[in-house]
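If you want the building blocks of each chain, they are given just below.
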Amino acid sequence: MNKNRAQEICTSPKMANVVFNGQPIYIQNVDEQNGTARIYPLGQPEREQTVSLNELEEQ
């Protein structure tokens, strides 16, 4: 995923359909400098993790 689009999704009040490894996720924040995002599966904020933006896909 493009870092600008990821940041746009992160700051938007509207929920976007983004997946990581086929699982719907919520983007908590984006680190543009490192090309990563802090994410968690929908409904499971305890499973928060940092992943590469390249691993995220908007559907």
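Remember, predicted model here, so these are calculated numbers, not experimental data.

K.L.:
How should the overall build of the chain be read in this particular structure?
P.N.:
When you go through the chain residue by residue, the secondary structure sums to one helix and five strands. Helices and strands in the chain line up, N terminus first, as α-β-β-β-β-β. Against the compact-globule benchmark of 10 Å for 59 residues, the chain has a radius of gyration of 10 Å, which places it among compact chains. For the chain, the residues scored as buried account for 32% of the 59 residues in total. Look at the contacts in the chain between residues 6 or more apart in sequence, and 35% of them connect residues 24 or more apart. Of the roughly 3,900 Å² of accessible surface on the chain, a fraction of 41% belongs to carbon and sulfur atoms.

K.L.:
Just checking my understanding: could you explain the packing of aromatic side chains for this structure?
P.N.:
Any pair of aromatic rings gets described here by the distance separating the centres and the angle formed by the planes. Going through the model one piece at a time under the given rule, you end up with one aromatic pair. Summarising the aromatic geometry, the rings of Y26 and Y40 are spaced 5.3 Å apart at their centres and angled 40° between planes, so their arrangement reads as tilted. Taken as a pair, Y26 in strand 2 (residues 23–31) and Y40 in strand 3 (residues 36–41) lie far apart in primary sequence, 14 residues in all. Given the relative accessible area of 32%, Y26 is considered partly exposed.

K.L.:
Where do I start with the sheet that holds strand 3 in this structure?
P.N.:
In a beta sheet, neighbouring strands pair by backbone hydrogen bonds and run either parallel or antiparallel. Across the sheet, five strands lie side by side as 4-3-2-1-5; this open sheet has antiparallel pairing. Each of the sheet's edge strands pairs with one partner strand only, and the pair in question is strand 4 (49–52) and strand 5 (56–58). Each strand axis lies, on average, 50° off the axis of its neighbour in the sheet, ignoring direction. Direction of pairing for strand 1 (residues 18–20) relative to strand 5: antiparallel, over a ladder of three bridges.

K.L.:
Can you help me understand the environment of N17 in this one?
P.N.:
For N17, the position within the fold is in the loop between helix 1 (3–11) and strand 1. When its relative accessible area of 40% is taken as the criterion, N17 is described as partly exposed. Along the sequence, N17 and I39 sit 22 residues apart, while their C-alpha atoms lie 13 Å from each other. Each residue touching N17, except ones within four places of it in the same chain, is listed here: E57, E58 and Q59.

Criteria and thresholds
- Residues numbered from 1 in each chain as written.
- Predicted model: local features only at pLDDT ≥ 70, side-chain atom pairs only at ≥ 80, totals over all residues.
- Heavy atoms only, no water.
- Helix = DSSP H or I, 4+ residues; strand = E, 2+ residues; numbered from the N terminus.
- Rg over C-alpha atoms; globule rule 2.2 N^0.38 Å.
- Buried < 20%, exposed > 50% of the residue type's maximum accessible area, 1.4 Å probe, protein only.
- Contact = heavy atoms within 4.5 Å.
- Areas by Shrake-Rupley, 256 points an atom, 1.4 Å probe, with all protein chains shown as cover.
- Phe/Tyr/Trp six-rings, centres within 6.5 Å; stacked < 30°, edge-to-face > 60°.
- Pairing = 2+ DSSP bridges.
- Axes fitted to C-alpha atoms, helices over the stretch in contact; angles between N-to-C directions.

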